[in-house]
Amino acid sequence: MSFRDLRNFTEMMRALGYPRLISMENFHTPNFMLVSEVLLWLVRRYEPQTDIPSDVETEQDRVFFIKAVAQFMATKAHIKLNTKKLYQADGYAVKELLKVTSVLYGAMNTKGVERVDVSEEDSSKFKFDLGSKIADLKVARQLASEITSKGASLYDLLGKEVELREARTESIARPLEINEAEKVMKIAIDCVLEEVQKTKDMLNNVALDEASLEAKIEKRKLELERSQKRLETLQSVRPAFMDEYEKIEEQLQKQYSSYLEKFHNLTYMEQLLDDHRRAEQEMFEEAANMLRLTQNRLKEEEQHLLKNNDDSDLEIEEDEGSDSELEGRHVLKQRNATETLLQGRAGTRIVGAMQGGDTEEDDSGDSEIDLDEDDEEEDDMEDDSVEISPSKSSHRARKPEPLEESDNDF
């Protein structure tokens, strides 16, 4: 049995139109019902009018069925089948079935080819296709060679017929000797007796084998009963560790439930953490974008201010010539005003400090300036009075504004 034989057999049966689907797994174990059904279908496919009994209930019916099929195939189709392999009904039977199916499959193929040739001739009468006739040409050559070989052998045998006829007539005309006939008969009887003795010995051996097998079967049955009883006792008895096993199982269930809860919480917290990080990243990106925008805006404002300052400086330089006379007059007026103030406040003290705001502590703590000491000091004061302006005196009297405290450290 081979995989190729099984595959070819199933494909041929499918092509021949067998109604049942045959699998390659059907012949791994003996399947006599399938083999008998296939044989009966093949025989009826070869000869629909044949009458072969399909009863395979008993062993004798099966033997009779196999013999009838083998005899039919040998007489009608000249196919020799091995009855032992067919009776096995396993993979070895496939080889015997393949002999019949291959013949039917080949006939179907040749018939199909002939139909195709006829249809082609009808469709195109003047068309001649040599490729479709190559197979028929090979078959015709093979048959011609067989005919010539058979004819030559038949001619040789007919040539020997004269000598064989004389030998045959002499042997027929010669009278039979009783002693020789008795010897031949005795030899045949002895051979038959030997065969009978051999069969008897085989039967005795079969009986002994049967008795030994029965004893082994009884022994196995007793062992089976003992093992079954032991199994029942083991199943009925509760193991000592079963209570501890159940407790551990309950603890394991609780641990598993707590593990699931913690795992769910952990995944939820990780998700929240990812969302928070994502939001922070978005905020940082937004702040960076805003900072970049403000920086760009401040740069633009600075550039605008610088342009405005340059324009104002140019205007001031143009107006310096016109304003010089006004400034000279203003300086003379300031000098006269300071001289009158110094003459009116002769003999008084002037109290000043670096910080703005006039208080009693500042008056007591400041240094006293005597305006009546020397003429040189008066000249110095006159020279310095030119630089004093009402705007500066107002700045002295003004207290410094406290710095505004800001929470923005940046």
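Residues numbered from 1 in each chain as written. Predicted model: local features only at pLDDT ≥ 70, side-chain atom pairs only at ≥ 80, totals over all residues. Heavy atoms only, no water.

A. Spatial organisation of the overall build of the protein chain. Looking only at helices and strands, the protein chain features twelve helices and zero strands. Secondary structure elements of the protein chain, listed N to C terminal, follow the sequence α-α-α-α-α-α-α-α-α-α-α-α. Across the 410 residues in the protein chain, those meeting the buried criterion constitute 13%. Nonlocal contacts in the protein chain, meaning residues at least 24 apart in sequence, comprise 53% of its contacts between residues at least 6 apart. Accessible surface for the protein chain amounts to roughly 35200 Å². Of this, 55% is attributable to carbon and sulfur atoms. (Helix = DSSP H or I, 4+ residues; strand = E, 2+ residues; numbered from the N terminus. Buried < 20%, exposed > 50% of the residue type's maximum accessible area, 1.4 Å probe, protein only. Contact = heavy atoms within 4.5 Å. Areas by Shrake-Rupley, 256 points an atom, 1.4 Å probe, with all protein chains shown as cover.)

B. Just the packing of helix 2 (residues 32-46) against helix 3 (residues 59-77), in detail. Their axes nearest at 11 Å, the elements helix 2 and helix 3 cross at an angle of 30°. One element, helix 2, and the other, helix 3, form an angle in the roughly parallel class. When you trace helix 2 past helix 3, the crossing you get is left-handed. Contacts from Phe32, Ser36, Leu39, Leu40, Val43 and Tyr46 of helix 2 reach helix 3 at Arg62, Phe65, Ile66, Val69, Phe72, Met73, Lys76 and Ala77. Tallied by class, the residues present in the contact of helix 2 with helix 3 amount to eleven nonpolar, one polar and two charged. (Axes fitted to C-alpha atoms, helices over the stretch in contact; angles between N-to-C directions. Parallel < 35°, antiparallel > 145°, perpendicular 65-115°, else oblique. Left-handed = near helix turned anticlockwise from the far one by under 90°. Nonpolar A, V, L, I, M, F, W, Y, C, P; charged D, E, K, R; others polar.)

C. The arrangement of the nonpolar core in detail. Residues Phe9, Phe27, Val38, Leu39, Ile52, Phe65 and Met73 are the most contacted members of the largest nonpolar core, which totals 34 residues. Elements with a minimum of two residues in this core: helix 1 (3-16), helix 2, helix 3 and helix 5 (91-123). Residue contributions to this core peak at eight residues, all from helix 2. Not counting residues up to four positions away in its chain, the partners in contact with Ile52 are Leu40, Val43, Arg44, Phe65, Ala68, Val69 and Phe72. (Core = buried A, V, L, I, M, F, W, Y, C linked by side-chain atoms within 4.5 Å.)

D. Region of the structure containing helix 1. The first and last C-alpha atoms of helix 1 sit 20 Å apart over 14 residues, in line with the 20 Å expected at 1.5 Å per residue. Looking at helix 1, one finds that the buried residues are Asp5, Leu6, Phe9, Thr10, Met12, Met13 and Leu16. Projected down its long axis, helix 1 shows its buried positions confined to an angular sector of 165°, all on one face. Away from the buried face of helix 1 by more than 90 degrees, exposed residues Phe3 and Arg4 are located. (Expected span 1.5 Å × (residues − 1). Arc of directions from axis to C-beta.)

E. Structural detail: a nonpolar patch on the surface. Together, Tyr256, Tyr259, Leu260 and Phe263 line one region of the surface with nonpolar side chains, adding up to about 410 Å² of accessible area. Position of Tyr256 among the secondary structure elements: in helix 9 (residues 242-344). (Patch = residues over 30% accessible without salt bridge, like charges linked within 9 Å, V, L, I, M, F, W, Y side chains within 5 Å. Salt bridge = Lys/Arg side-chain N within 4 Å of Asp/Glu carboxyl O.)

F. Geometry of the packing of aromatic side chains. Taken as a whole and judged by the stated rule, the model has six aromatic pairs. Ring-pair connections join several aromatic residues into one group, and the members of that group are Tyr256, Tyr259 and Phe263. (Phe/Tyr/Trp six-rings, centres within 6.5 Å; stacked < 30°, edge-to-face > 60°.)

G. Quick peek at the confidence of the model for the protein chain. Here the protein chain shows a mean pLDDT of 76. Residues at 70 or above account for 70%. At the level of individual helices and strands, the protein chain shows its lowest average pLDDT in helix 12 (residues 390-397), which scores 41, and its highest in helix 8 (residues 178-236), which scores 89. Counting contacts from residues 120-128, a segment whose pLDDT is below 50, to residues more than four positions away or on other chains yields one contact. Note that residues 381-410 has pLDDT below 50 and, in this model, 20 contacts with residues that lie over four places away or in other chains. (pLDDT = per-residue confidence, 0-100.)

H. Highlighting the pattern of salt bridges. Counted by the stated rule, this structure contains six salt bridges. One salt bridge in this structure joins Glu11 and Arg14, with 3.0 Å as the shortest N-O distance. Of this pair, Glu11 and Arg14 are both found in helix 1, three residues apart, which corresponds to roughly one turn of the helix. Between Arg168 and Glu161 there is a salt bridge, and its shortest N-O distance comes to 3.2 Å. You can call Arg168 partly exposed: its relative accessible area is 40%. A residue is classified by how much of its surface remains accessible, and Glu161, at 26% relative accessible area, is partly exposed.

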